[in-house]
Amino acid sequence: MRKTALFMIFAVLAVLALPALTADKTPLPEGYKKWLDEEVVYIISSLEREVFLKLRSDRERDLFIEAFWKHRDPTPNSADNEFKTEHYRRINYANHFLGREAPKPGWMTARGRIYIILGEPNDIERLQGQQGIYNCEIWFYQGKTDLGLPPGFNILFYQESNQGEYRLYSPTNDGPQALLAGDIVSASDYATAYKKLQNINPTLASVSMSLVPGEQSGVYGRPSLISDMMIQKIESAPERMVEEKYARKFLEYKDLVEVEYTANYLDSDSIIKVLKDPSGNYFVHYSIEPKKLSVNNYENKYYTTLKLNGNVTTLEGKPVYQYDKTITLEMNETQMTERSNQPFEIHDMFPLIPGDYKLLILVKNEVSKEFTSVEQTLHIPADGTVLQMTSPILAYKVSPVDPSTKKLKPFLMGSHQVYSQPGRIFLPKDTLSVAFQLLGLEEDLKRKGEVRFAFFKDEQLFKEKTRKAGEYAELPTIIEDFPLSEFPPAHYRVRVSFLADGTEAASAKDEFDITFAAAVPRPWIYSRVLPEAGDPLYAQVIGLQLFNLGRLDEARLSLERAFRARPDSPEIAVQLAQIDLSLKRFDRVETLLAPFLAEEKTPRYEILNLAGRAAQGAGKLEKAIEIFDLSISHYGVNINVLNAIGDCYFGLGKFDEARAVWEKSLSASPEQPEVKKRLETLKSRRTS
């Protein structure tokens, strides 16, 4: 196992749309222009180029260049980047050997372009000084199938009139006529030109009709289009050289994650499902599987720390809920060996009120300085009696749990723990479990309604099963098992329907694959265990979400429920006080915070600030000053607190004290136009 840290990172931050990829009008500094237009011009994808032109600082450009090479490094755990080294070797070779016949650097020539993209040919046949044909070079390549090219193919260059630089030959655009010296053949007479070439050099004649050995040329003696399509593939190879998603993520998150992370984006896969808990709250359950998990090694201990940040906003971008979590992973050598070939997954969940949202999760690995992201639009249905079916979870394993267990856990459905993998890949020997919830099911529908499972292969119905809804003992949870031994390896779609009197009343679907592989690596999982349904924590979170949406009365009701269960919680008290302060219910703030102000230990800054604001709002200015002074004595000078003290002195008619406080505020932060206006008011009062 490698000893250096290189891993995944998740953290949820504000959801941002990718800025329009419009090039910045500011000219690039010369060094970066040379890098873009000369050094990587043949290997940078169109998206990478657009992103690079969108960057605003040299620091961002340097980080992007670092990411560009990193995502092409075939051995990222070694000190050398073999791809980068080979690329610059190709440029150097092209400049030294492939531009001698041209009035420009070798990298700009046709041969230079192909050499830089494809590298050293397996063989070069040079045809020079032969009577009847122009000078030619036939480059033969093998082993480029990773670029979508044939197993073996030729590239032909010719020197028109035996002068100047070599041109790239196109069978359909040039034709064999272009290779003949001194013989004038009609541009459309491919057959005659081919026969003349055949008499001079059979190999060249064959290549002139098709660059792919063994391929039959087109009809009526015309060259095949396959060769020109292949040339287009070569020239568009940069689009297939690397997963360019990293470039989009670089632009999207460069202002959100620390600079040391921006060049190190990792891809990941995820599952996000919405389920209802026994108390009636909706929870977002999610599973994140990064492309890799890297750890550090010290004294036979393998460890890493992941910082997870989640952010939920409305579709318009208004913040609804934000959370941060730290995940510490530590393994011994035996555990590391066992898990080295397994994917790693994070399972988590959080409550969310009804509505339509955007979810962004970022995970950062503090050891390897890498990050990944998950983004999805969420719909949380409104409570009611309308029949609803949650999106099915396709599980590779379902395990019973102790019925006495009251704790909540991601993907715990009824008395069963459901295990699903984002890729949704199964073996023929597996049992596929389809798990979902059927909500709002009235008693008569429980008796009469039916649940139908329909599996489709190649859009044709492959298998179907129907059961009475009342046969499921844990409604609204439904889990149905399907042994896959009768399912041949293929891609499948499963559609789940609820039928009321034979009519479909609700449905949901998902897709999965059955593989020919002998095994599918199943993950090892880090999963949170949460308090049981109905715990005041959830009322607190829901109250905060309602507060952020401006639904203050609903927010207060939810937070009051939480506070009644946990009256010693300063966090809930602060949230309630914020609502009451917004509603100008200053007496309630005073009553709410009084027990915390009376404690022997110093109250939190938030409590002092809210208590001071409430006293100020209630006109108890002397008391407000006393509380604000206590805040400054324990937590240091704060501009907002200073200004509030000045306002209180002004309200008490103590203008000299107000002036002194506001001047102190301005000395600490000069750019405060409102404070300057207040001081001007005091000056005019003195002169009048």
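Residues numbered from 1 in each chain as written. Predicted model: local features only at pLDDT ≥ 70, side-chain atom pairs only at ≥ 80, totals over all residues. Heavy atoms only, no water.

> Provide a residue-level description of the packing of helix α20 (residues 639–651) against helix α21 (residues 655–668), including the pertinent values.
Between α20 and α21, whose axes approach to 8 Å, the crossing angle comes to 160°. Put simply, α20 runs roughly antiparallel to α21. α20 and α21 meet at a crossing whose hand is left-handed. When α20 is examined against α21, the residues I639, L642, N643, I645, G646, D647, Y649 and F650 are found in contact with a partner set consisting of F655, E657, A658, V661, W662, K664, S665 and A668. Class assignment for the residues of the contact of α20 with α21 results in 10 nonpolar, 3 polar and 3 charged. (Axes fitted to C-alpha atoms, helices over the stretch in contact; angles between N-to-C directions. Helix = DSSP H or I, 4+ residues; strand = E, 2+ residues; numbered from the N terminus. Parallel < 35°, antiparallel > 145°, perpendicular 65-115°, else oblique. Left-handed = near helix turned anticlockwise from the far one by under 90°. Contact = heavy atoms within 4.5 Å. Nonpolar A, V, L, I, M, F, W, Y, C, P; charged D, E, K, R; others polar.)

> Before we move on, could you go through the sheet that holds strand β1 (residues 123–127) and cite the residues and values that matter?
The strands making up a sheet associate through hydrogen bonds between their backbones, and the pairing can be parallel or antiparallel. Pairing is antiparallel across the open sheet formed by 4 strands, whose spatial order is β1-β2-β3-β4. Whereas interior strands pair on both sides, the edge strands pair on one side only; in this sheet they are β1 and β4 (167–168). With 2 bridges connecting them, strand β3 (residues 152–159) and β4 associate as antiparallel partners. For Y158, the partnering residue across the bridge sits in β4 and is R167. Those strands touched by helix α5 (residues 110–118) are β2 (135–142), β3 and β4, and its axis lies near 10° from that of β2. (Pairing = 2+ DSSP bridges.)

> Describe in detail the packing of aromatic side chains, supporting the description with residues and values.
Under the counting rule described, the total for this entry stands at 38 aromatic pairs. Each ring, one from F455 and one from F512, has its centre 6.1 Å from the other, and the planes form 85°; the classification is edge-to-face. Highlighted residues: F455 in strand β20 (residues 450–457) and F512 in strand β24 (residues 503–514), separated in sequence by 57 residues. For the pair F455 and F512, one class covers both residues: buried. For the ring pair Y605 and Y635, a centre distance of 6.0 Å and an interplane angle of 75° mean the geometry is edge-to-face. (Phe/Tyr/Trp six-rings, centres within 6.5 Å; stacked < 30°, edge-to-face > 60°. Buried < 20%, exposed > 50% of the residue type's maximum accessible area, 1.4 Å probe, protein only.)

> Describe the environment of I155, and please don't skip the residues or the numbers.
Within the secondary structure, I155 is located in strand β3. Given the relative accessible area of 1%, I155 is considered buried. C-alpha of I155 to C-alpha of L552: the two residues are 397 residues apart in sequence and 71 Å apart in space. Apart from the residues lying within four places of it in its own chain, the contact partners of I155 are I114, E137, I138, W139, Y141, L168, M230 and I234.

> Let's hear about unusual backbone geometry: which residues, and what values?
Omega for the bond connecting L475 with P476 falls within 30 degrees of zero, at 15°, which places this linkage in the cis form. In this fold, P476 is placed in the loop between β21 (460–468) and β22 (477–483). Its identity as a non-glycine residue notwithstanding, E299 has a phi of 50°, on the positive side. With relative accessibility at 62%, the residue E299 sits in the exposed group.

> With reference to specific residues and values, describe the sheet that holds strand β25 (residues 524–527).
Judged by pairing direction, the sheet is mixed, and its 4 strands sit side by side in the order β5-β6-β10-β25 without closing on themselves. In this open sheet, the two edge strands, each paired with only one partner strand, are β5 (268–276) and β25. Neighbour-to-neighbour, the strand axes of the sheet open up by a mean angle of 20°, direction not taken into account. Taken together, the 6 bridges between strand β6 (residues 282–290) and strand β10 (residues 344–351) define a ladder with antiparallel strand orientation. Among the inter-strand pairings, V284 is bridged to a residue of β10, identified as F350.

> Got a sec to walk through the confidence of the model for the protein chain? Specific residues and values, please.
Residues with a pLDDT of 70 or more make up 94% of the protein chain, whose mean pLDDT is 91. Counted against residues more than four places away or in other chains, residues 1–22, with its pLDDT under 50, gives 118 contacts. (pLDDT = per-residue confidence, 0-100.)

> Provide a residue-level description of the layout of surface pockets, including the pertinent values.
Estimates place the volume of the largest pocket at around 500 Å³. What lines the largest pocket is a set of 24 residues, among which D277, P278, L408, L412 and G414 lie closest to the centre. Elements with a minimum of two residues in the lining of the largest pocket: β5, β6 and β16 (412–413). By residue class, the composition of the lining of the largest pocket is 11 nonpolar, 6 polar and 7 charged. Along the walls of the second largest pocket sit 16 residues, with K70, H71, Y265, L266 and K291 positioned nearest its centre. Split by residue class, the lining of the second largest pocket holds 5 nonpolar, 2 polar and 9 charged. (1 Å grid on protein atoms, 1.4 Å probe; cavity = no way out; pocket = protein on both sides within 12 Å on 5 of 7 lines; lining within 4 Å. Points joined across faces, edges and corners; volume = space filled by probe spheres on them.)

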